[in-house]
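Chain residues, written in single-letter form:
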Amino acid sequence: MTPEQELERAARAEGILGDDLFKQAVKEVEQALLSGIKRSPIKDAELREKLCQQLIQLEAVVSSLWSYMESGKLAEETVKRRGKKVV
(Lines give C-alpha, C1' and ligand atoms only; values in the text may rest on other atoms or scores of the structure.)
Protein backbone atom coordinates (compact mmCIF):
# COMPACT_ATOMS: atom_id res chain seq x y z
CA MET A 1 0.00 0.00 0.00
CA THR A 2 1.39 3.38 -0.94
CA PRO A 3 1.72 6.16 1.64
CA GLU A 4 -1.00 8.07 -0.22
CA GLN A 5 -3.34 5.09 0.06
CA GLU A 6 -2.52 4.81 3.77
CA LEU A 7 -3.40 8.48 4.19
CA GLU A 8 -6.76 7.88 2.52
CA ARG A 9 -7.41 4.82 4.70
CA ALA A 10 -6.45 6.80 7.81
CA ALA A 11 -8.86 9.59 6.90
CA ARG A 12 -11.66 7.11 6.37
CA ALA A 13 -10.89 5.35 9.67
CA GLU A 14 -10.91 8.69 11.47
CA GLY A 15 -14.29 9.50 9.93
CA ILE A 16 -15.74 6.19 11.08
CA LEU A 17 -14.32 6.45 14.60
CA GLY A 18 -15.58 10.01 14.89
CA ASP A 19 -19.06 9.20 13.65
CA ASP A 20 -21.60 9.48 16.47
CA LEU A 21 -23.75 6.68 15.07
CA PHE A 22 -20.77 4.30 14.93
CA LYS A 23 -19.78 5.23 18.51
CA GLN A 24 -23.32 4.63 19.70
CA ALA A 25 -23.55 1.29 17.91
CA VAL A 26 -20.24 0.08 19.37
CA LYS A 27 -21.29 1.18 22.86
CA GLU A 28 -24.69 -0.53 22.60
CA VAL A 29 -23.26 -3.79 21.26
CA GLU A 30 -20.57 -3.78 23.94
CA GLN A 31 -23.15 -3.17 26.68
CA ALA A 32 -25.41 -5.92 25.33
CA LEU A 33 -22.56 -8.42 25.25
CA LEU A 34 -21.41 -7.54 28.77
CA SER A 35 -24.97 -7.76 30.02
CA GLY A 36 -25.33 -11.16 28.39
CA ILE A 37 -22.12 -12.36 30.03
CA LYS A 38 -23.23 -11.12 33.46
CA ARG A 39 -26.73 -12.58 33.15
CA SER A 40 -25.77 -15.94 31.69
CA PRO A 41 -26.47 -18.97 33.86
CA ILE A 42 -23.43 -20.16 35.80
CA LYS A 43 -23.64 -23.56 34.11
CA ASP A 44 -23.68 -22.07 30.58
CA ALA A 45 -19.96 -21.65 29.99
CA GLU A 46 -20.45 -22.15 26.26
CA LEU A 47 -22.73 -19.11 26.00
CA ARG A 48 -20.30 -16.96 28.00
CA GLU A 49 -17.45 -18.08 25.78
CA LYS A 50 -19.38 -17.11 22.63
CA LEU A 51 -20.27 -13.72 24.08
CA CYS A 52 -16.66 -13.12 25.14
CA GLN A 53 -15.44 -14.00 21.65
CA GLN A 54 -17.92 -11.55 20.15
CA LEU A 55 -16.71 -8.84 22.52
CA ILE A 56 -13.10 -9.55 21.53
CA GLN A 57 -14.06 -9.31 17.84
CA LEU A 58 -15.82 -5.98 18.39
CA GLU A 59 -12.72 -4.64 20.14
CA ALA A 60 -10.55 -5.93 17.28
CA VAL A 61 -12.58 -3.95 14.73
CA VAL A 62 -12.22 -0.72 16.71
CA SER A 63 -8.53 -1.42 17.33
CA SER A 64 -7.93 -1.97 13.62
CA LEU A 65 -9.48 1.39 12.80
CA TRP A 66 -7.23 3.09 15.38
CA SER A 67 -4.26 1.28 13.89
CA TYR A 68 -5.13 2.57 10.41
CA MET A 69 -5.17 6.10 11.80
CA GLU A 70 -1.75 5.63 13.38
CA SER A 71 -0.20 4.22 10.21
CA GLY A 72 -1.64 7.22 8.40
CA LYS A 73 0.45 9.47 10.64
CA LEU A 74 3.58 7.58 9.62
CA ALA A 75 2.56 7.74 5.97
CA GLU A 76 2.05 11.48 6.29
CA GLU A 77 5.66 11.86 7.43
CA THR A 78 6.84 9.76 4.48
CA VAL A 79 4.89 11.91 2.06
CA LYS A 80 6.22 15.10 3.65
CA ARG A 81 9.78 13.84 3.37
CA ARG A 82 9.23 13.23 -0.31
CA GLY A 83 8.14 16.83 -0.67
CA LYS A 84 4.62 16.04 -1.74
CA LYS A 85 1.68 18.09 -0.57
CA VAL A 86 -0.52 16.29 1.99
CA VAL A 87 -4.25 16.74 1.45
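Structure: above.
Residues numbered from 1 in each chain as written. Predicted model: local features only at pLDDT ≥ 70, side-chain atom pairs only at ≥ 80, totals over all residues. Heavy atoms only, no water.

### Observations concerning the side chain of Ser40
Phase 1: Here Ser40 shows up in the loop between α2 (20-39) and α3 (45-82).
Phase 2: Ser40 sits in the buried class, given a relative accessible area of 10%.
Phase 3: A polar contact of 3.3 Å, which involves the side chain of Ser40, links it to the side chain of Arg48.
Phase 4: The residues contacting Ser40, other than those within four sequence positions of it, are Leu47 and Arg48. (Helix = DSSP H or I, 4+ residues; strand = E, 2+ residues; numbered from the N terminus. Buried < 20%, exposed > 50% of the residue type's maximum accessible area, 1.4 Å probe, protein only. Polar contact = N/O pair within 3.5 Å; in protein donor to acceptor, adjacent residues only side chain to side chain. Contact = heavy atoms within 4.5 Å.)

### Concerning α2
Phase 1: Its 20 residues give α2 an end-to-end C-alpha distance of 28 Å, which sits within 8% of 28 Å, the value for a rise of 1.5 Å per residue.
Phase 2: Among the residues of α2, those classed as buried are Val26, Leu33 and Ile37. Buried residues in α2, looked at end-on, bunch into an arc of 40°, giving them a common side. Of the exposed residues in α2, those oriented more than 90 degrees away from the buried face are Asp20, Leu21, Lys27, Lys38 and Arg39.
Phase 3: For α2, the secondary structure elements touched by its buried residues are α3.
Phase 4: For α2, the side-chain oxygen to backbone nitrogen distance between the N-cap and Leu21 is 2.9 Å, and the N-cap itself is Asp19. (Expected span 1.5 Å × (residues − 1). Arc of directions from axis to C-beta.)

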